[in-house]
Amino acid sequence: MKAAPMSRVFPIALNTFREAVRDRVLYNLVAFAVLMSGAAILVGQISVGIEKLVVINLGLTAVSLFGVVISIFIGIGLVSKEIDKRTLYTLLSRPVRRWEFVVGKFLGLVGTLVLNTFFMAIGVFGALLYVAHHFAKPDAWVLVALYFIILQFVIVTGLALLFSSFSSPLMSAVFAFSLFIVGAFAEDLRGFARMTKGITRWIATGAAYLVPNFSALNVITPVAHGQPVSGQLILYNTAYALIYATMTICGAVLIFERRNLK
Amino acid sequence: MLAIEILGLEKTYNVGFWGKTPKHALRPLHLNVEEGEIFGFLGPNGAGKTTTLKLLMGLVFPTSGTARILGMELDDPRMKAQIGFLPEQPYFYDYLTARELLEYYAQLSGVAAKERSRKADEVLAKVGLPNVAGLQLRKFSKGMLQRVGIAQAILHDPKLLFFDEPMSGLDPLGRRDVRDLMEQLKHEGKTVFFSTHILPDAEALCDRVAVIHDGELKGVGAVADLTSGVRGKVEIIWSGRIIPPAFKGLGADCHVTGDTVRAIVSEECQDAALDALRNAHLRLISLSPVRNSLEAYYVSKLQPGKAAAEVRP
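Residues numbered from 1 in each chain as written. Chains lettered and ligands numbered in written order. Predicted model: local features only at pLDDT ≥ 70, side-chain atom pairs only at ≥ 80, totals over all residues. Heavy atoms only, no water.

1. So, the overall build of chain B
Scanning chain B from N- to C-terminus turns up twelve helices and 14 strands. Taken as a whole, chain B presents about 14300 Å² of accessible surface, with 50% of it coming from carbon and sulfur. One way to put it: in chain B the 38 positive side-chain charges average out to a point 3 Å from where the 38 negative ones average out. (Helix = DSSP H or I, 4+ residues; strand = E, 2+ residues; numbered from the N terminus. Areas by Shrake-Rupley, 256 points an atom, 1.4 Å probe, with all protein chains shown as cover. Lys, Arg positive; Asp, Glu negative; His and termini not counted. Charge placed at Lys NZ, Arg CZ, Asp CG, Glu CD.)

Right under this line is the structure:
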C-alpha cells in the first residue's frame, strides 16, 4: 500500500480546521462584527471626509491583529497539545510521517485563518459601504492589503509552529509575538544596520534580515489613502512569505523529527 | 517469520539539572515474538513496558539497538499500515464523534473511501459500542474511550496489535469482553502483544509472557510451561472450622474461611493429614496438588528472595 503523502497531509489539515471551528475559534468574528459595526456608525458621526480612511485603517488593523492572535495562540498548541493529550500516539503509529503531520497542521491552521479573514473582509467592505454608500475603484486595493495580511498569518503560523517544536507554549507565544512586533519594524532595523560600521554592521544586518519583514507586508496606510500597490511588490511579498514560511516549517520538521514523545 | 524481533533495544534519558545523570528506562532488550501468538509483557508500573511500546511505535528513539516488526524496520510506513496500537489511557480528539474519529484514522491508514464508514460501524459493534457512533467523544466515559481505543487499533484489519494496558479503566464485564476480543483476534491469525500488570488476564490469555522490571528483562516463558509444574505441595480443604492438632506437627499452613478450612501441606505429609481429618470426623471437600501459578513466576522474577522463601517447605 503506497499512498501519496498528500493523502495523509490533507486529512490532518482538514481535522485541524475542524478542531478550530468546533473549538469556536471563529467566534472572534462576532467580536469583529460588533467592532466594525460600532466603528462604522461612530466614524460616520464624528469624522467628515475621512470616513473611508478611518474605516479601512481600523478594519484592516483589526483583521491583522485578530488573525495574528489566533495564529499565535493556536499555532503554539498545534504540536504541543497533541503531545500533551497523547492524541499523537495513535496518529504516528499509523503510516503517517512526522513531516506530514507538521505540514498538515500548518495547512489546517492557515486554511482556518483564510476563512476567518474572508468573513472579516466582508465586515470591512460592509462598513465601507455603510460610510461611503458605494464602492470606488481604489477600494479594490483593500483586497491586496488583505492578501498581504494573510501572508503575514502564514509567516506567524510558521514561527509559532517552529517555536512550539522545541519550547513550552508560553515561551513559544512570547517568542512569536515578540518577533511579530520586531518584524513590524524590520525596515527601520535594516536602516539602522546600514548606519553602523564594522562587525556591528554585519551583526545588525544579519539580525535585520533574519526577522520577518512584516513592514513590507503592511500596506494598510497607502491603501487607505487609495494608493495602488505595485505588481512587483505583490510578487516579491508572495515569494518572501512563502520562502520564509517554508524555512520555518522545515526548521519545525527537523526538530520534531528528532523529538522523543515521552 | 517473527512478528517482532527486538535486537538490543535500549533507552537512556539524561536527567537532573544539568542533564548529565543517565536514567535507564530500558536496558538492552532482546526479545522475539512469533506470528499468531498472544504475548504478555508483564511488569509493575514504571518497569519499562510503555517505553518498549513507544520505541516500537517510533514515538521515542532508541539510545542503541534496533527492532524489526513483521520483518520491516521501525520507520517503514508499510509496516505501520499492518499494525494497530492502543496506548495506555488513550485520549482522542474530543470534538469528533466516534464515527468521525474512526473514519479519520481509517483514511490515514489507507482504507478505501467507500469502506471507511462501514469499517467504523463494524469495529464499534465489535467493541460493544454499536449505538454511540454519532456521539462526541467528550461525552464518553473512561471505559468507553478504552473501547474506542481498541476499535481504532483494529479498524484497518492489522496483522499485529500492540495493546498497552488494554484492561485499564474497564469494569469486570468490559475486561471479559476485551479478553474475548483478544482471543477472537488470535483465532483470526493475528499476533497480539500486550502489556499488563494484571496477572490473571495474562494467565488466561497469553501463549507466552515476558517479565520486565527496572527496565531489565527478567524472564520469558510459555504460560503452559510456567504453570504446569507441581510444587511438591497439596491443598486440602474440609468443612467446619476445626483444625486437628496433628496439623501443627505436619507444618501445615492453615486458613479458616467461613465454614471451610484450607491447608497446604507437603506431599509427604498428605496421608498423615488425611488420617488426622478422619480421626477428627471432619468432612473432606477436596485434595489437589498445588500448581505453579503465573503469579509465583512473576514474584520469583521480581523478588527472587521472597519467592524462594515462599516455596521453601
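2. Some words on the interface of chain B and chain A
Residue-level contacts link 32 residues of chain B with 29 residues of chain A. A buried area of about 3100 Å², summed over both sides, lies between chain B and chain A, and 55% of it is on carbon and sulfur atoms. Joining chain B to chain A, the criterion identifies one salt bridge. Its salt-bridge partner being Glu100(B), residue Arg22(A) comes within 2.7 Å of it at the nearest N-O pair. Counting every contact that joins chain B to chain A gives 16 residue pairs in polar contact (both at pLDDT 80 or more). Listing elements by their share of the side of chain B that touches chain A, those giving two or more residues are strand E1 (2-15), helix H1 (49-57), helix H2 (77-80), strand E6 (83-86) and helix H3 (98-108) of chain B. With five residues, H3(B) is the largest single contributor of residues to the side of chain B that touches chain A. Partitioning the side of chain B that touches chain A into residue classes produces 18 nonpolar, eight polar and six charged. (Contact = heavy atoms within 4.5 Å. Buried area = accessible area lost by both parts, 1.4 Å probe. Salt bridge = Lys/Arg side-chain N within 4 Å of Asp/Glu carboxyl O. Polar contact = N/O pair within 3.5 Å; in protein donor to acceptor, adjacent residues only side chain to side chain. Nonpolar A, V, L, I, M, F, W, Y, C, P; charged D, E, K, R; others polar.)

3. Some thoughts on the domain arrangement of chain B
Quoted interface sizes are often the accessible area lost when the parts come together. As far as domains go, chain B holds domain 1 (2-223) and domain 2 (230-291). A straight line from the C-alpha centre of domain 1 of chain B to that of domain 2 of chain B covers 44 Å. (Domains from an automatic or database assignment.)

4. Here's the deal with the pattern of salt bridges
Residue and element names in this part refer to chain B. Within the structure shown, the criterion is met by 27 salt bridges over all chains. Its salt-bridge partner being Glu-37, residue Arg-208 comes within 2.9 Å of it at the nearest N-O pair. You can see Arg-208 sitting in strand E9 (residues 208-213) and its partner Glu-37 sitting in the loop between strand E2 (21-34) and strand E3 (38-42), a full 171 residues away along the chain. Here Glu-37 falls in the buried class, since its relative accessible area comes to 8%. Asp-157 serves as the salt-bridge partner of Lys-190, at 2.8 Å between the closest nitrogen and oxygen. (Buried < 20%, exposed > 50% of the residue type's maximum accessible area, 1.4 Å probe, protein only.)

5. Topic: helix H1 (residues 6-22) of chain A
Helix length check: H1(A), at 17 residues, gives a terminal C-alpha distance of 24 Å against a target of 24 Å (1.5 Å per residue), a fit within 8%. Those residues of H1(A) lying buried are Arg8(A), Val9(A), Pro11(A), Ile12(A), Ala13(A), Asn15(A), Thr16(A), Glu19(A) and Ala20(A). Contacts made by the buried residues of H1(A) are with helix H4 (77-84) and helix H6 (98-132) of chain A together with H3 of chain B. Looking one or two residues past H1(A), Arg24(A) carries a phi angle of roughly 65 degrees, positive in sign. (Expected span 1.5 Å × (residues − 1).)

6. Describing the pairing of strand E7 (residues 160-164) of chain B
Residue and element names in this part refer to chain B. Counting buried residues along E7, five of its five residues qualify, which places the element largely inside the surrounding structure. With burial as the criterion, each face of E7 is covered, one bearing Leu-160, Phe-162 and Asp-164 and the other bearing Leu-161 and Phe-163. As defined by bridge partners, E6 adjoins E7 across four bridges and the pair is classed as parallel. Residue pairing in the sheet places Ile-83 in a bridge with Leu-160 of E7. With helix H6 (residues 172-187) bridging E7 and the parallel strand E8 (residues 191-196), this β-α-β connection has right-handed handedness. (Pairing = 2+ DSSP bridges. Right-handed = clockwise from strand over helix to strand, strands pointing away.)

7. What about the pairing of strand E12 (residues 253-257) of chain B?
Within a regular strand, side chains alternate between the sheet's two faces. All names here are of chain B. Bridge analysis of E12 against strand E13 (residues 260-266) gives five bridges, and the strand direction is antiparallel. Bridge pairing in E13 links Asp-253 to Ile-264. Connecting the antiparallel pair E12 and E13 is a turn made up of two residues, with Gly-258 showing a positive phi of about 60 degrees.

8. Considerations on the environment of Asn279(B)
Residue and element names in this part refer to chain B. Within the element layout of this structure, Asn-279 appears in helix H10 (residues 270-279). Given the relative accessible area of 63%, Asn-279 is considered exposed. Between the C-alpha atoms of Asn-279 and Pro-244, which are 35 residues apart in sequence, the distance is 8.8 Å.

9. What to know about the side chain of Asn116(A)
Mapping Asn116(A) onto the fold places it in helix H6. Not counting the four nearest positions on each side in its chain, Asn116(A) is found in contact with Leu26(A), Asn28(A), Leu29(A) and Ile70(A).

10. Notes on a nonpolar patch on the surface
On the surface, a nonpolar cluster with roughly 530 Å² of combined accessible area is contributed by Phe166(A), Leu170(A), Met171(A), Val174(A), Phe175(A) and Ile255(A). Looking at which element gives the most residues to the nonpolar patch, the answer is helix H8 (residues 169-184) of chain A, with four residues. (Patch = residues over 30% accessible without salt bridge, like charges linked within 9 Å, V, L, I, M, F, W, Y side chains within 5 Å.)

11. Brief notes about the sheet that holds E2(B)
In spatial order, the strands read E2-E1-E4-E5 (chain B); together these four strands make up an open sheet with antiparallel pairing. Among the strands making up the open sheet, the edge pair consists of E2 and strand E5 (72-73) of chain B.

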